[in-house]
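Chain by chain, the residues run as shown.
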Amino acid sequence: MSEEIMEYTSPSTPSAMLNMPSVGVMAQMDNINQGTVAIEASRAIAEAQGKLVIAKKFPRNEIAAYAKAMEACQRPTMAAKAFYSFPRGGQTVEGPTIRFAEELARCWGNIDYGIKELSQDDGKSEMQAYAWDLETNAQSVQNFTNPHQREQGKKMVTLTSQRDIYENNANMATRRLRSRILAILPSWFVEDAITECKKTLAGKNDTPLIDRVKNMVVQFAKMGVTQEQIEKRLKKKIETMNADDFVEFIGIYNAIKQGESKIADWFEAEKVASELTNELNGDGLLE
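Residues numbered from 1 in each chain as written. Predicted model: local features only at pLDDT ≥ 70, side-chain atom pairs only at ≥ 80, totals over all residues. Heavy atoms only, no water.

A. Focus on the overall build of the protein. On a plain count of helices and strands, the protein comes out with 12 helices and eight strands. Per-residue burial for the protein yields a buried fraction of 40% across its 287 residues. In the protein, the proportion of contacts linking residues at least 24 apart, taken out of those at least 6 apart, comes to 64%. (Helix = DSSP H or I, 4+ residues; strand = E, 2+ residues; numbered from the N terminus. Buried < 20%, exposed > 50% of the residue type's maximum accessible area, 1.4 Å probe, protein only. Contact = heavy atoms within 4.5 Å.)

Quick look at the structure:
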């Protein structure tokens, strides 16, 4: 599990701070070259100031930004990637994905966001996820420590490959980046976009809901999830699936496809022939 160090949203943090090296990194650099530290700090400040100047010169048009976001959410390919789901404590937790957040940031404009590895030592990385509204100077930052470990089955395996470490860090930081971007965007803007995506997923366009459901079943089958497993979780036939059910299962599909959860987290395994025979023998149905 990663250790959370700091999380804050502030409209008054000095703007250049997001692009300056961390204290830990500067301390390491101090042992190498003081001149390098000064050059890097100056570069970061100049870059931050340049972004602010451009944002002030070309301010966002909120009406145009809203229209662009609604148009994006009306696209089935966008809506299909807008939500995630994962199981927790016997319940389903769902919400907007990082792809959804990035698309809204693109439409809203003048937002700088990203993830950084601030330091790496002793089997862990200090990471930062941030989002910064260049027009209002509102910033949302989260620093956290991520161990170089990955869960495999019920065990934690230590990562030694730089590629594995990079992918693990990126995966953990991306989840936090999603929250940082959404914290910067206006709540009404996010809520309207979520509603529009749900309308698109529900089939309130040229494609009937039942056709979307059938296509979803086909995509699940490619993962090894049968229609019977879906119906067992749904507790009814897929033909009776409503818009809310459909949105939930799209989130489940995205979570499995992106590796954030496993098939076994959502669906019961189908009984094999030997298990079924034993049950039938037990009931006296077979000799």
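Read on, since the account is not over.
B. Highlighting the environment of Arg212. Tracing the backbone shows Arg212 in helix 8 (residues 209–223). Distance from Arg212 to Ala202, taken between C-alpha atoms, is 8.3 Å for residues 10 residues apart in sequence.

C. Seen up close, the side chain of Arg176. Locating Arg176 in the fold gives a position in helix 6 (residues 162–184). Note on Arg176: relative accessible area 12%, which makes it buried. Within the structure, the side chain of Arg176 is placed 2.8 Å from the backbone oxygen of Met172, a separation counted as a polar contact. (Polar contact = N/O pair within 3.5 Å; in protein donor to acceptor, adjacent residues only side chain to side chain.)

D. Main features of the confidence of the model for the protein. Overall, the predicted model of the protein reaches an average pLDDT of 80, with 79% of residues at or above 70. The weakest mean pLDDT in the protein belongs to helix 12 (residues 273–282) at 48; the strongest belongs to helix 5 (residues 98–108) at 95. Note on residues 12–18: pLDDT under 50 across the span, and 18 contacts to partners over four residues away in sequence or across chains. In the model, residues 283–287 has pLDDT below 50 throughout and makes five contacts with residues more than four positions away in sequence or in other chains. (pLDDT = per-residue confidence, 0-100.)

E. A look at unusual backbone geometry. Positive phi, normally seen in glycine, also occurs at Asn110, with a value near 55 degrees. Its location among the elements puts Asn110 in the loop between helix 5 and strand 4 (111–121). In the Ramachandran plot, Lys235 falls in the positive-phi region, its phi being about 65 degrees despite a non-glycine side chain. Tracing the backbone through its elements, the reader meets Lys235 in the loop between helix 9 (227–234) and helix 10 (243–257). You can call Lys235 exposed: its relative accessible area is 76%.

F. Layout of the packing of helix 5 against helix 6. Following both chains from N to C, one finds helix 5 and helix 6 inclined at 40 degrees, their axes separated by 9 Å at the closest point. Relative to helix 6, the element helix 5 lies oblique. The element helix 5 and its partner helix 6 pack so that their crossing is left-handed. Of the residues in helix 6, those touching helix 5 at Ile98, Phe100, Ala101, Glu102 and Ala105 are Thr174, Leu177, Arg178, Ile181 and Leu182. (Axes fitted to C-alpha atoms, helices over the stretch in contact; angles between N-to-C directions. Parallel < 35°, antiparallel > 145°, perpendicular 65-115°, else oblique. Left-handed = near helix turned anticlockwise from the far one by under 90°.)

G. Helix 6, seen in detail. Taking 1.5 Å of rise per residue, 23 residues should cover 33 Å, and helix 6 covers 32 Å from first to last C-alpha, within 8% of that figure. Between the side-chain oxygen at the start of helix 6 and the backbone nitrogen of Arg163 there is a gap of 3.3 Å, and the oxygen is on Ser161. (Expected span 1.5 Å × (residues − 1).)

H. Summary view of helix 10. A rise of 1.5 Å per residue sets the reference length of helix 10, with its 15 residues, at 21 Å; its end C-alpha atoms lie 21 Å apart and thus fit the reference within 8%. Of all the 15 residues making up helix 10, 11 are buried; the element is thus mostly covered by neighbouring parts of the structure. For helix 10, the elements touching its buried residues are strand 2 (83–88), helix 7 (187–201), helix 8, helix 9 and helix 11 (263–266). With its phi angle positive at about 80 degrees, Gly259 sits one or two positions after the end of helix 10.

I. Representation of the pairing of strand 7 (residues 149–152). Summarising the sheet, strand 7 and strand 8 (residues 155–158) pair through four bridges and their orientation is antiparallel. In the strand pairing of strand 8, Arg150 is matched with Val157. Hairpin connection, strand 7 to strand 8: the antiparallel pair is bridged by two residues, and Gly153 has positive phi, about 70 degrees. (Pairing = 2+ DSSP bridges.)

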